[in-house]
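Residue-level listing of the chains:
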Amino acid sequence: MIANNYFSDDKDLQLIYNQLIDWESIVKEAEGEEFIDHKDYTESKNNRYEMAPSSLEEAMELYTSSLDAMGDFFGKDVSQKSQIMDRNELKYENGKVIFPKETVEIYEKFRSTGLMGYSLPREAGGLNFPATVGAFYAMIMARADVAFCMTTTLLNLAQIVSRFGTEEQIETYATKAATGECLFAMSLTEPDFGSDLNSVRTIAVKQEDGSYRLTGTKRFISQGCGLGDYPALLLTLARTGKPDGGARGLSVFLVKSSDISVAGIEKKMGLHGSPTCEIVYDNSYGEILGEEGLGLTRYTAGMTNFMRLVSASGGCGGGAAAYYESLKYANERNQFGKPIYEIPAVYEMVHKIKRETNAMRLLTLETARVIDMYQHHQIRLEKQGKPDRDIRKDEKVKYWSTLASILTPIAKYYSSEEGHKNTSIAVQVFGGAGYTEDYDISRMFRDSRINTIYEGTSQIHVRIATGAILAGMAGDGNFRKYLNSLKAEIGSPSTFLLEQERVLEESIRVMRNIQEEVKKETVAENLMIQMARYLCSLLYEKSISKINDSDSKEIWQKDCRAYVIDSAATAQSCLYRIQYFD
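Below, the structure is looked at part by part.

### A short note on the overall build of the protein
In step 1: The number of helices and strands found in the protein is 20 helices and 11 strands.
In step 2: In terms of overall size, the protein behaves like a compact globule, its C-alpha atoms giving a radius of gyration of 23 Å where 582 residues would be expected to give roughly 25 Å.
In step 3: Expressed as lengths along the three principal axes of its C-alpha atoms, the size of the protein is roughly 70 × 60 × 55 Å.
In step 4: The buried share among the 582 residues of the protein stands at 59%.
In step 5: Within the protein, contacts between residues at least 6 apart in sequence are counted, and of these 76% link residues at least 24 apart.

### Description of the packing of aromatic side chains
The description of two aromatic rings rests on the distance between their centres and on the angle between their planes.
In step 1: A full pass over the atoms with the stated rule returns 26 aromatic pairs.
In step 2: Seen from their ring centres, Y540 and Y563 are 5.6 Å apart, and the 45° between their planes marks the pair as tilted. With a gap of 23 residues between them, Y540 in helix α19 (residues 517-544) and Y563 in helix α20 (residues 550-580) connect regions that are remote in the sequence.
In step 3: Residue class for Y540 comes out buried when judged on its relative accessible area of 0%.
In step 4: Joined through ring pairs, the aromatic side chains of F7, Y17, W23, Y63, Y118, F129, F136 and Y137 make up one cluster.

### Details of the pairing of strand β5 (residues 212-222)
In step 1: Sheet topology places strand β4 (residues 203-206) next to β5; 4 bridges connect them, and they run antiparallel. Bridging from a neighbouring strand, I203 pairs with T215 of β5.
In step 2: With antiparallel pairing between neighbouring strands as the criterion, β4 and β5 make up a hairpin whose turn holds 5 residues, including G210 at a positive phi of roughly 95°.
In step 3: The pairing of β5 with strand β9 (residues 276-288) spans 9 bridges and is antiparallel. Its bridge partner being in β9, I221 is matched across the sheet by C277.

### Re the environment of F35
In step 1: Its location among the elements puts F35 in the loop between α2 (23-31) and α3 (36-44).
In step 2: Given a relative accessible area of 15%, F35 falls into the buried group.
In step 3: Put simply, F35 and E342 are 307 residues apart on the chain and 52 Å apart in space, counted from C-alpha to C-alpha.
In step 4: Excluding residues that lie within four positions of it along the chain, F35 makes contacts with V27, P53, S54, S55 and L56.

### Some remarks on the nonpolar core
In step 1: Counting residues in hydrophobic clusters, the biggest one holds 189 residues, and the most contacted among them are F74, Y137, F184, I410, F479 and L535.
In step 2: Leave out the neighbours within four places in its chain, and F184 touches L154, L155, L157, A158, V161, Y173, A177, Q223, L233 and L235.

### A look at the environment of G273
In step 1: Position of G273 among the secondary structure elements: in the loop between β8 (261-265) and β9.
In step 2: Taking the relative accessible area as the measure of exposure, G273 reaches 15% and is therefore buried.
In step 3: Residues G273 and N88 lie 185 residues apart in sequence; the distance between their C-alpha atoms is 8.2 Å.
In step 4: Setting aside anything within four residues of it in sequence, one finds G273 in contact with M85, L90, F99 and A147.

### What to know about the packing of helix α11 (residues 344-372) against helix α14 (residues 395-430)
In step 1: Where α11 contacts α14, the axes come no closer than 9 Å and their chain directions differ by 160°. Classified by the angle between their axes, α11 and α14 sit roughly antiparallel to one another. Of the two possible hands of crossing, α11 and α14 adopt the one that is left-handed.
In step 2: When its residues are assigned to classes, the contact of α11 with α14 shows 18 nonpolar, 8 polar and 4 charged.

### Section: the environment of I340
In step 1: Residue placement: I340 occurs in the loop between β11 (338-339) and α11.
In step 2: Here I340 falls in the buried class, since its relative accessible area comes to 7%.
In step 3: Spatially, the C-alpha atoms of I340 and G318 are 22 Å apart, while their sequence positions differ by 22 residues.
In step 4: The residues contacting I340, other than those within four sequence positions of it, are Y329, A330, R333, Q335, V346 and V429.

### Quick look at unusual backbone geometry
In step 1: A positive phi is found at F35, a non-glycine position, where the angle reads about 50°.
In step 2: Backbone geometry places N283, a non-glycine residue, at a positive phi of 55°.
In step 3: Within the secondary structure, N283 sits in strand β9.
In step 4: In this structure N283 comes out as partly exposed when scored by relative accessible area, which is 45%.

### With respect to helix α6 (residues 131-144)
In step 1: End to end, α6 covers 20 Å across 14 residues, agreeing with the expected 20 Å (1.5 Å per residue, within 8%).
In step 2: Counting buried positions along α6 yields 14 of 14 residues, so the element is predominantly enclosed.

### Some remarks on the pairing of strand β7 (residues 250-256)
In step 1: Taking burial as the measure, the 7 residues of β7 include 6 buried ones, the bulk of the element.
In step 2: Here 2 bridges tie β7 to β9, and the two strands are oriented antiparallel to one another. Following the sheet pairing, L254 is matched in β9 by E287.

### Things to note about the pattern of salt bridges
In step 1: Using the criterion set out here, one finds 36 salt bridges in the structure.
In step 2: For K39, the salt bridge identified is with E34, shortest N-O distance 3.7 Å.
In step 3: Overall, K39 belongs to the partly exposed group, its relative accessible area being 41%.
In step 4: Connected through salt bridges with shared partners, the residues E348, K352, R355, E356, R533 and D566 form a single ionic network.

### What about the packing of α19 against α20?
Helix packing geometry: the angle between the two helix axes and the distance between the axes.
In step 1: Put simply, α19 and α20 touch, their axes get as near as 9 Å, and they point 160° apart. Considering their axes alone, α19 and α20 lie roughly antiparallel with respect to each other. As for how α19 packs across α20, the hand of that crossing is left-handed.
In step 2: Here the contact of α19 with α20 is built from residues that sort into 14 nonpolar, 7 polar and 6 charged.

### Some words on the side chain of D372
In step 1: Its place among the elements puts D372 in helix α11.
In step 2: We note that D372 is buried and unpaired, the nearest opposite charge coming from R369 at a distance of 8.4 Å.
In step 3: The contacts of D372, once residues within four sequence positions are left out, are I26, E29, P130, A131 and T132.

### Description of the state of the cysteines
In step 1: A full pass over the atoms with the stated rule returns 0 disulfides.
In step 2: The thiol sulfur of C277 is not disulfide-bonded, and the nearest other cysteine sulfur, from C225, lies at 3.9 Å.
In step 3: The exposure class of C277 is buried, given its relative accessible area of 0%.
In step 4: For C536, which is in no disulfide, the shortest distance to another cysteine sulfur is to C316 and amounts to 8.9 Å.
In step 5: A residue is classified by how much of its surface remains accessible, and C536, at 0% relative accessible area, is buried.

What counts and how
- Residues numbered from 1 in each chain as written.
- Predicted model: local features only at pLDDT ≥ 70, side-chain atom pairs only at ≥ 80, totals over all residues.
- Heavy atoms only, no water.
- Helix = DSSP H or I, 4+ residues; strand = E, 2+ residues; numbered from the N terminus.
- Rg over C-alpha atoms; globule rule 2.2 N^0.38 Å.
- Buried < 20%, exposed > 50% of the residue type's maximum accessible area, 1.4 Å probe, protein only.
- Contact = heavy atoms within 4.5 Å.
- Phe/Tyr/Trp six-rings, centres within 6.5 Å; stacked < 30°, edge-to-face > 60°.
- Pairing = 2+ DSSP bridges.
- Core = buried A, V, L, I, M, F, W, Y, C linked by side-chain atoms within 4.5 Å.
- Axes fitted to C-alpha atoms, helices over the stretch in contact; angles between N-to-C directions.
- Parallel < 35°, antiparallel > 145°, perpendicular 65-115°, else oblique.
- Left-handed = near helix turned anticlockwise from the far one by under 90°.
- Nonpolar A, V, L, I, M, F, W, Y, C, P; charged D, E, K, R; others polar.
- Expected span 1.5 Å × (residues − 1).
- Salt bridge = Lys/Arg side-chain N within 4 Å of Asp/Glu carboxyl O.
- Lys, Arg positive; Asp, Glu negative; His and termini not counted.
- Disulfide = S-S within 2.5 Å.

This is how it looks when you write it as structure tokens:
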């Protein structure tokens, strides 16, 4: 793989970071108008708050330096070990998962950077970065190695413990994640129940001392075994109520990897460096997180939303890897007396990857911004002891969380699907060489495939989003208002953008008139594609006016035009499928 700084040497990522992100509003929400954590540090001198910024300038300096360090480590260290870690794979012997020495070495080296706990609050020893910065982190990590990205992002699930756990649990578990001393895993899926979490059968029985004992089996649990000598904490969804109690009977428990058994690991198509474990709980000790009965509706939702944004960011990272690796190969590979990059068909493939990747980036970072507009405020209200019903009624939380609930599944769906398509195009650029294991592109293609499956399949996200889109686009619905606000920032919307809007409105009208639920669900993905590409087109055209150097603006204008033309054509074909499905 290319070895350079995956942040500072990525020209488009730099342009987005420096010119297209509304950092002022994000920092204001993340740190509070009075820069609360810095104020606490000046009063308490608690060294966990020492890095808290006191101004927008300090926050930006912190974000930039951290991303630069992350880009350097993943671009020059992790990327150069990714193929080795993939080929050496994992071994399972006598109930233990054995990692390649290169994986353990790179993990220990990452621990020394101090960058692990990027999403953890400062009270737990983390960096407390906004979701927007976290999205940049995941884009960088996924470009280098999706499997290792999985390890490091899962570790940041400790934010769920720091948000809902007791002070003792925060000190015992979350702070260890910030230093990499302990890894984390989401232990939700069971052999018979994947996305149908309402039907989870693992049982938790309360003991006289207040702890619980868990019995059951979980499957497809990434990193459930820990890594080498570093243990994992499993955030486990289990039933405390009646077997047929649905979501109301489910709670989340903290279970150490030393208290469970690893029955085996999956032999997978890709992600060879990331263990996917079958976990057996046999009267295993567990501590409850928060309250009984809120496991699925409150705590698991926080985990899945975080990982869905990571998954969307991973699609962007895979797209960037596909673009830069295929660009390099196309310029070096000579056929017919010239580099294949000069062949029009190859040139178009490379540039399609580029513009699709930037579209994914814009959508994912906009989704992160929307999350930032309410989540920090919501957490502060929770820490103040405000009742849940009052928090849900808070105008800021209500408005932005509703938008986030629509954008998160759209971003996850679109970026995971397009990210995989981009790696497929890159394999085509490489030709026969891309189908061999001589180049990293074959691994990237294999690894990108999982992104459309885990954290909820693409079809699950279509189901989640479609109803919300139809409701949000009704009359003066919030989602319609939001889209109009994006459009209002575009001086002169292109003909192709306006055509997308017209076709989208017609698709929504037709969808509302479909009476048969089976038919509506069958054609729903077409509406999801239209909405995702319309959002990306809005964000693409909106970005042009903000680019302040003429050379970059000219390139982005050309890419934007090609993207919105593709999207207008795609929108029309989707409308036909909705109208004429039989």
